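# A closer look at the structure
Here is what each chain is made of, one letter per residue.
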Amino acid sequence: MAWANGLIKTIIDRSNHFISCDVAVVIADKYPKARHHYLVLPTEDIPSIYSLNRTHLPLLEELHLLALNITEVRGLQWDNFKVVFHAKPSMQRVHLHVISKDFISDCLKTKKHWNSFNTDLFVPYETIYNQLSNDGCIQRWPKEVVDDLLATPLKCNQCSFEANNMPTLKQHLLEHSE
Ligand code: AMP
Ligand code: ZN
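Residues numbered from 1 in each chain as written. Chains lettered and ligands numbered in written order. Predicted model: local features only at pLDDT ≥ 70, side-chain atom pairs only at ≥ 80, totals over all residues. Heavy atoms only, no water.

### Quick word on the site of ligand 1
Heads up, the condition is: Put simply, a residue is near a molecule or strand once any heavy atom of it comes within 4 Å of that molecule or strand. We define a polar contact as two N or O atoms separated by no more than 3.5 Å, with the added condition that, inside protein, one atom must be a possible hydrogen donor and the other a possible acceptor, whereas residues neighbouring each other in sequence contribute only through side-chain atom pairs. Only the protein chains shown count as covering a residue, and every accessible area follows the Shrake-Rupley method with a 1.4 Å probe. Points on a 1 Å grid, built from protein atoms alone, make a cavity when a 1.4 Å probe fits but cannot get out and make a pocket when they are open with protein on both sides within 12 Å along at least 5 of 7 lines; residues with an atom within 4 Å of a point are the lining residues. In this description, a molecule resides in a pocket or cavity if more than half of its atoms sit within 2 Å of the grid points defining it. Strands here mean DSSP runs of E at least two residues long; helices mean DSSP runs of H or I at least four residues long; both are numbered from the N terminus. Each residue gets one of three labels, nonpolar for Ala, Val, Leu, Ile, Met, Phe, Trp, Tyr, Cys and Pro, charged for Asp, Glu, Lys and Arg, and polar for the others, Gly among them.
Lining the immediate environment of ligand 1, one finds 16 residues, of which Asp 29, His 86, Ser 90, His 95 and His 97 sit closest. At a separation of 3.0 Å, a nitrogen atom of ligand 1 approaches a polar side-chain atom of Thr 10. Side-chain polar atom of His 86 to an oxygen atom of ligand 1: 2.6 Å apart, as the coordinates give it. Isolated, ligand 1 exposes 500 Å² of accessible area, and the fraction of that covered by the protein chains is 92%. The pocket occupied by ligand 1, as judged from atoms lying within 2 Å of grid points, is the largest pocket. Residue contributions to the shell around ligand 1 peak at 3 residues, all from helix H1 (residues 6-12). Counted by class, the shell around ligand 1 contains 6 nonpolar, 7 polar and 3 charged residues.

Following this line, the structure appears as structure tokens:
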């Protein structure tokens, strides 16, 4: 099975489901980019946000409900989480990221990682929901826009600090969590 099908492979095994409902499941992100990082996926084979249409709005609401549920079940504070889709996903099957804002993780290694999680490439659930509701589809982003965002200077997500490199940024993030 191709690497991009890894999420589909993971959800086939029910023991990987933290919680589920009739139409969706929650799994752990295998390479968490923060202290808490979950993925919510539909059981229906929807490749990405770019395959969604208005008929999927109730499904999106179910994904969001599971996102809320997993933080409740784990006793975590909802306000400390981002609930977002990637504008440039790497893995097949639409998935909603539920990720804590600390971004403290050994798996967070590269500038590309940081910028894909901390620029406009990381699109809030509400933005996708509203776009789908208004336009009936999600428009793909031009490659130049994606490349520019991935090349954005490293900025802290909690203050105005700018880092020259990832080790400096990671050290700085630790200071926020002390
Ligand atoms: P995206 O860039 O939005 O497609 O995010 C894909 C996410 O899936 C990343 O955060 C990866 O760490 C995560 N991931 C990759 N492979 C697996 C897997 N087999 N099981 C669970 N999560 C995975
Ligand atoms: Zn900071």
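### With respect to the sheet that holds strand S5 (residues 96-100)
This is how the line gets drawn: Strands were regarded as paired on the criterion that DSSP finds at least two bridges between them. Whether two residues are in contact is decided by their heavy atoms, any of which lying within 4.5 Å being enough. To get an axis, a line is fitted to the C-alpha atoms, and for a helix only the part in contact is used. The angle between two axes follows their N-to-C directions and goes from 0 to 180 degrees.
Read across the open sheet, the 6 strands follow the order S1-S2-S3-S5-S4-S6; overall the sheet is antiparallel. Both edges of this open sheet fall to strand S1 (19-20) and strand S6 (122-124), since each of them pairs with a single strand only. Pairing analysis gives 5 bridges linking strand S2 (residues 24-28) to strand S3 (residues 37-42), with the strands arranged antiparallel. Its bridge partner being in S3, Ala 24 is matched across the sheet by Pro 42. Of the strands in this sheet, S3, strand S4 (81-86), S5 and S6 are in contact with helix H3 (residues 111-118), which crosses S4 at around 100 degrees. Relative to S6, helix H4 (residues 125-135) is tilted by about 70 degrees, and along the sheet it contacts S4, S5 and S6.

### A few points about empty space enclosed by the protein
Formally: Grid points are joined across faces, edges and corners, and a volume is the space filled by probe spheres set on the points.
Within the structure shown, the criterion is met by 1 cavity of 30 Å³ or more. Size it by volume and the largest cavity reaches roughly 50 Å³. Lining the largest cavity, in full, are Pro 47, Ser 48, Ile 49, Phe 85, His 86, Pro 89, Met 91, Arg 93, Val 94 and His 95. Broken down by class, the residue content of the lining of the largest cavity amounts to 6 nonpolar, 3 polar and 1 charged.

### Let's talk about the coordination of the zinc ion (ligand 2)
Definition in use: Here the coordinating atoms are restricted to nitrogen, oxygen and sulfur within 2.8 Å of the metal centre, or 3.2 Å for Na, K and Ca, and because water is not among them the sites may look incomplete. By the criteria applied here, four donors are tetrahedral when all angles lie between 85 and 135 degrees, four are square planar and six octahedral when opposite donors are over 155 degrees apart and every other angle lies between 65 and 115, and any other arrangement is irregular.
Around the zinc ion (ligand 2), the protein supplies Cys 156 (SG), Cys 159 (SG), His 172 (NE2) and His 176 (NE2) as donor atoms, at distances of 2.0 to 2.3 Å. Because the angles between the 4 donor atoms bound to the zinc ion (ligand 2) fall within 103 to 121 degrees, the donor set is best described as tetrahedral. Mapping the donors of the zinc ion (ligand 2) onto the primary sequence gives the spacing C-x2-C-x12-H-x3-H. Here Cys 156 is found in the loop between strand S7 (154-155) and strand S8 (162-163), whereas its partner His 176 is found in helix H6 (residues 166-176), with 20 residues between them in sequence.

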